[in-house]
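# Per-entry structural report
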Amino acid sequence: MSELEDHKGDALLISTEVARMLVALGVDWNDEAEMRAIAREALAYHGTDSLIHLAPEDIEGRAKQKLFGLTALMLRTMEEGAELGDHIHGSEIWKALAKALWAEKEAGHQ
């Protein structure tokens, strides 16, 4: 069914939301060290972590929770595109996050 999805359009929407969450967290996507730090957190995040109750005023916790969910969605979108032989990527922010995720994964931070 994934051949009916608009992976490129989805990538742009995901990129926009990732940018919003990075702004909310004060993360500069041009700063490799900051991106790798948030990538490490994303790789260590587990879906069950989203069941933890966050206070309504916990802006940082909620932004991280959303960012990490978007990261999983981003990876799934790229995977589905690859299954169809299509290279999917979003904006420069998407690429910066993907680069940081790969660097952290290669460094053994999973």
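Quick caveat, the model's predicted, so the values are computed rather than measured. (Residues numbered from 1 in each chain as written. Predicted model: local features only at pLDDT ≥ 70, side-chain atom pairs only at ≥ 80, totals over all residues. Heavy atoms only, no water.)

### Observations concerning the pattern of salt bridges
Tallied over the full model, the rule gives 10 salt bridges. For Glu 41, the salt bridge identified is with Lys 64, shortest N-O distance 2.9 Å. Of this pair, Glu 41 sits in helix H2 (residues 32–44) while Lys 64 sits in helix H3 (residues 59–83); the two residues are 23 residues apart in sequence, bridging distant segments of the chain. When its relative accessible area of 18% is taken as the criterion, Lys 64 is described as buried. When salt bridges that share partners are traced, they join Glu 17, Arg 20 and Lys 66 into one network. (Salt bridge = Lys/Arg side-chain N within 4 Å of Asp/Glu carboxyl O. Helix = DSSP H or I, 4+ residues; strand = E, 2+ residues; numbered from the N terminus. Buried < 20%, exposed > 50% of the residue type's maximum accessible area, 1.4 Å probe, protein only.)

### Details of helix H1 (residues 7–25)
In this model, H1 (19 residues) spans 26 Å end to end at C-alpha, consistent with the 27 Å of a helix rising 1.5 Å per residue. Turning to H1, its buried residues are His 7, Ala 11, Ile 14, Ser 15, Glu 17, Val 18, Ala 19, Met 21, Leu 22 and Leu 25. Each element contacted by the buried residues of H1 is listed here: H2, H3 and helix H4 (92–106). Once H1 ends, the next one or two residues include Gly 26, with phi positive near 70°. (Expected span 1.5 Å × (residues − 1). Contact = heavy atoms within 4.5 Å.)

### A word on the nonpolar core
Soluble globular proteins tend to pack their nonpolar side chains together in the buried interior. Core analysis: the biggest nonpolar cluster contains 26 residues, and Val 18, Leu 22, Met 35, Leu 67 and Met 74 have the highest contact counts within it. Listing elements by their share of this core, those giving two or more residues are H1, H2, H3 and H4. Not counting chain neighbours up to four residues away, the residues in contact with Leu 67 comprise Val 18, Met 21, Leu 22, Leu 25 and Ile 38. (Core = buried A, V, L, I, M, F, W, Y, C linked by side-chain atoms within 4.5 Å.)

### Focus on the packing of aromatic side chains
Tallying each qualifying case throughout the model produces one aromatic pair. With centroids separated by 5.0 Å and ring planes inclined at 55°, the aromatic side chains of Tyr 45 and Phe 68 adopt a geometry described as tilted. Taken together, the residues Tyr 45 in the loop between H2 and H3 and Phe 68 in helix H3 connect sequence positions 23 residues apart. Take Phe 68: its relative accessible area is 9%, and that puts it in the buried class. (Phe/Tyr/Trp six-rings, centres within 6.5 Å; stacked < 30°, edge-to-face > 60°.)

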